[in-house]
Structures are given as structure tokens and as C-alpha cells.
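Descriptive analysis of the structure
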Amino acid sequence: MKVETTRFGTLEVDEQKIVCFTQPILGFSDCHRYIIIEGPGEGKIWWLQSCDKPELAFIVMDPLQVVPDYEVRLDASEVEDLRLETAEEARLLTIVVVPEDRSKVRTNLKAPIIYNPKTNLAKQVVLHESDYPVQYYLTESAEQAPVGTADASSDA
Amino acid sequence: MLVLTRKQNESIMIGDTIEVKVLDVKENQVRIGVVAPREITVHRMEVYLAIQRENIEAAKAQAATEELQKLIKEPLKSK
């Protein structure tokens with residue numbers, strides 16, 4: 001099927017590859033379907049393009065690149081929601097903010113996207129109990145070290 | 001905004017599936033319990049707003065992934 005995008009023109013997309021967000025990305029409640037656009041080369045940064053709104057796309061990255069011990073504990077309801085067979089199957093993607101000042105490029109470690117590549121289901125979760133920052137600066141990754149543990153279960 | 005006054009251990013029912021209960025009241029702090037179906041997310045407001053704001057900023061990105069990948073592999077030393 002065709003997906004209109006403002007950044008990449010009209011894309012021909014395999015419907016089987018569409019990622020469905022069981023809960024929308026916070027702030028974008030009317031968009032549930034996205035596709036992952038791989039960049040050239042072997043980098044671990046991708047675009048997450050909305051299939052519903054041509055102008056909506058997020059840069060996402062593999063947080064393990066910069067925080068090798070980044071850990072997210074999923075509770076049973078998350079595992080069920082994404083139809084994961086095991087929590088280990090889940091992939092983590094964190095949303096990247098790219099300001100004009102490139103030294104302030106950062107990623108959100110507090111609210112990662114959990115993605116199940118087998119079912120193509122995903123959701124953004126908030127790690128309520130963790131000390132991971134909402135703004136983790138990528139250009140300072142040598143000095144920054146997140147504190148505390150990650151726990152995806154909400155307080156409710 | 002609907003405003004209700006509750007005492008400790010009293011509850012509010014929102015719709016048919018959400019309960020908000022006052023668990024503990026101290027001088028300047030209230031401990032609140034929320035029972036909601038799994039598909040309803042519950043966030044502290046300031047966290048919700050911070051994440052929403054960051055997501056909205058992120059959606060403005062116009063950049064090339066190769067450019068960013070370089071930034072990450074060779075982090076800038078400048079602060």
C-alpha cells in the first residue's frame with residue numbers, strides 16, 4: 001500500500017510490516033500505525049513514520065548503543081498487550097530529539113517504545129520508578145551515567 | 001473541572017471502570033490509589049507533560065540518520 005510522507009515522498013509499504021501501537025505515542029493520540037524506515041549503512045537509528053499523517057515521523061534509536069546496561073522490566077500486562085512470548089523478544093527504541101544545536105541531540109530514556117518485531121505491535125511506556133532521564137544527551141554519553149533501576153509497571 | 005471533597009479512604013468512580021481512592025492524607029501530601037483497566041494509562045501530570053512535550057519536539061526533526069549516527073559514534077566533547 002502507499003504511504004504519503006512529507007520527508008520521503010510516497011512510499012510503497014508492505015502492509016505486513018506496519019507497526020501498530022496498542023497505545024499511541026503520548027501527544028499523538030490519533031496515530032496508531034507507523035512504519036520503520038531503515039537508514040543506509042549499519043547504523044542503529046531509524047525513522048518511525050506515521051502511516052496516518054504524512055508530516056509525522058520520529059527518529060528512533062537503539063538505546064543500548066549509548067547505554068549498554070539500559071534495562072526495562074516489563075510487567076505481565078505489557079507482555080500480554082504486545083503479545084510477547086517472552087520479555088526478551090521485545091526490542092527497545094527510544095525517541096530522539098534533534099534540535100538546531102546539534103550538540104543538544106538527545107533521547108528519551110524515561111519513555112521508551114517497546115516493540116515486538118514478531119507481531120509488529122508496539123507502545124510507548126513510561127518507566128515511572130526509574131531514574132532514567134527524559135532528556136539524555138547523546139553527545140555527552142561518555143560522561144553521563146543513568147542512575148537507578150528501570151521498572152515498567154505503573155503506580156496504578 | 002469537577003471538584004469533589006473526599007476524606008481518607010473515600011473514593012471517586014470515573015465512568016464504570018476507574019476508581020480513584022484517597023489512601024492517606026498528610027499535611028501537604030495526599031496518597032492516591034487508582035484502579036483502572038490496563039489500557040488506560042495513569043501518569044503523574046508533570047511526567048506526562050514532560051514526555052508529551054519531548055515527543056512533540058522530536059516530531060519536528062528534519063535530519064539525516066547518517067548524520068546522527070556519526071554524532072553518536074564520535075560524541076562531541078563540547079558541552
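Note that this is a predicted model, so its numbers are computed, not measured.

Counted under the stated rule, the structure contains 13 salt bridges over all chains. Between Lys2(A) and Glu12(A) there is a salt bridge whose closest N-O contact spans 2.7 Å. With Lys2(A) in strand β1 (residues 2-5) and Glu12(A) in strand β2 (residues 9-12), this residue pair connects regions lying 10 residues apart in the sequence. Beyond isolated ion pairs, a larger network of salt bridges with shared partners links Glu78(A), Glu80(A), Asp81(A), Lys123(A) and Arg38(B).

Looking at chain B as a whole, the pLDDT averages 88, with 91% of positions reaching at least 70. Per the prediction output, this complex has pTM 0.84; the corresponding ipTM is 0.84.

All names here are of chain A. With the rule as written, the count across this model stands at zero disulfides over all chains. Not part of a disulfide, Cys 31 finds its nearest cysteine sulfur in Cys 51, a span of 9.6 Å. Here Cys 51 stays unpaired: no disulfide links it, and the sulfur of Cys 20, its closest cysteine neighbor, is 8.4 Å away.

Turning to the interface of chain B and chain A, a few remarks are in order. Taken residue by residue, the interface counts 33 residues in chain B and 47 residues in chain A. Carbon and sulfur atoms make up 59% of the area that chain B and chain A hide from each other, which totals about 3500 Å². The interface formed by chain B and chain A includes three salt bridges. Where Glu80(A) meets Arg38(B), a salt bridge forms, and the shortest distance between an N and an O atom there is 2.9 Å. On the surface where chain B and chain A come into contact, there are nine residue pairs in polar contact (both at pLDDT 80 or more). The set of elements that each furnish at least two residues to the side of chain B that touches chain A consists of α1 (45-58) and α2 (65-73) of chain B. At 10 residues, the largest contribution of residues to the side of chain B that touches chain A is made by α1(B). For the side of chain B that touches chain A, the residue count by class is 16 nonpolar, seven polar and 10 charged.

On to α1(B), then. Across its 14 residues, α1(B) extends 20 Å between first and last C-alpha, which sits within 8% of the 20 Å expected from 1.5 Å per residue. Taken as a whole, α1(B) has its buried residues at Val47(B), Ala50(B), Ile51(B), Glu54(B), Asn55(B) and Ala58(B). Buried residues of α1(B) fall within an arc of 130° about the axis and therefore sit on the same side. More than 90 degrees from the buried face of α1(B), the exposed residues found are Met45(B), Glu46(B) and Arg53(B). Its buried side turned inward, α1(B) meets β6 (57-61), β7 (91-97), β8 (106-107) and β10 (121-124) of chain A.

All names here are of chain A. Looking at the element boundaries, Ser 103 is found in the loop between β7 and β8. Judged by relative accessible area, which is 17%, Ser 103 ranks as buried. At a separation of 2.8 Å, a polar atom in the side chain of Ser 103 contacts the side chain of Asp 101.

On to the packing of aromatic side chains, then. All names here are of chain A. The full count for this structure, using the stated rule, is five aromatic pairs over all chains. With a centroid separation of 5.3 Å and an interplanar angle of 80°, the aromatic rings of Phe 28 and Phe 58 are classed as edge-to-face. Taken as a pair, Phe 28 in the loop between β3 (19-23) and β4 (33-38) and Phe 58 in strand β6 lie far apart in primary sequence, 30 residues in all. Of the two residues examined, Phe 28 and Phe 58, each falls in the buried class. With a centroid separation of 6.4 Å and 45° between ring planes, the pair formed by Tyr 34 and Phe 58 is classed as tilted. Of this pair, Tyr 34 sits in strand β4 while Phe 58 sits in strand β6; the two residues are 24 residues apart in sequence, bridging distant segments of the chain. Here the two residues Tyr 34 and Phe 58 agree in accessibility, since each one is buried. Ring pairs connect the aromatic residues Phe 21, Phe 28, Tyr 34 and Phe 58, which therefore count as one cluster.

Calculation rules
Residues numbered from 1 in each chain as written. Chains lettered and ligands numbered in written order. Predicted model: local features only at pLDDT ≥ 70, side-chain atom pairs only at ≥ 80, totals over all residues. Heavy atoms only, no water. Salt bridge = Lys/Arg side-chain N within 4 Å of Asp/Glu carboxyl O. Helix = DSSP H or I, 4+ residues; strand = E, 2+ residues; numbered from the N terminus. pLDDT = per-residue confidence, 0-100. Disulfide = S-S within 2.5 Å. Contact = heavy atoms within 4.5 Å. Buried area = accessible area lost by both parts, 1.4 Å probe. Polar contact = N/O pair within 3.5 Å; in protein donor to acceptor, adjacent residues only side chain to side chain. Nonpolar A, V, L, I, M, F, W, Y, C, P; charged D, E, K, R; others polar. Expected span 1.5 Å × (residues − 1). Buried < 20%, exposed > 50% of the residue type's maximum accessible area, 1.4 Å probe, protein only. Arc of directions from axis to C-beta. Phe/Tyr/Trp six-rings, centres within 6.5 Å; stacked < 30°, edge-to-face > 60°.

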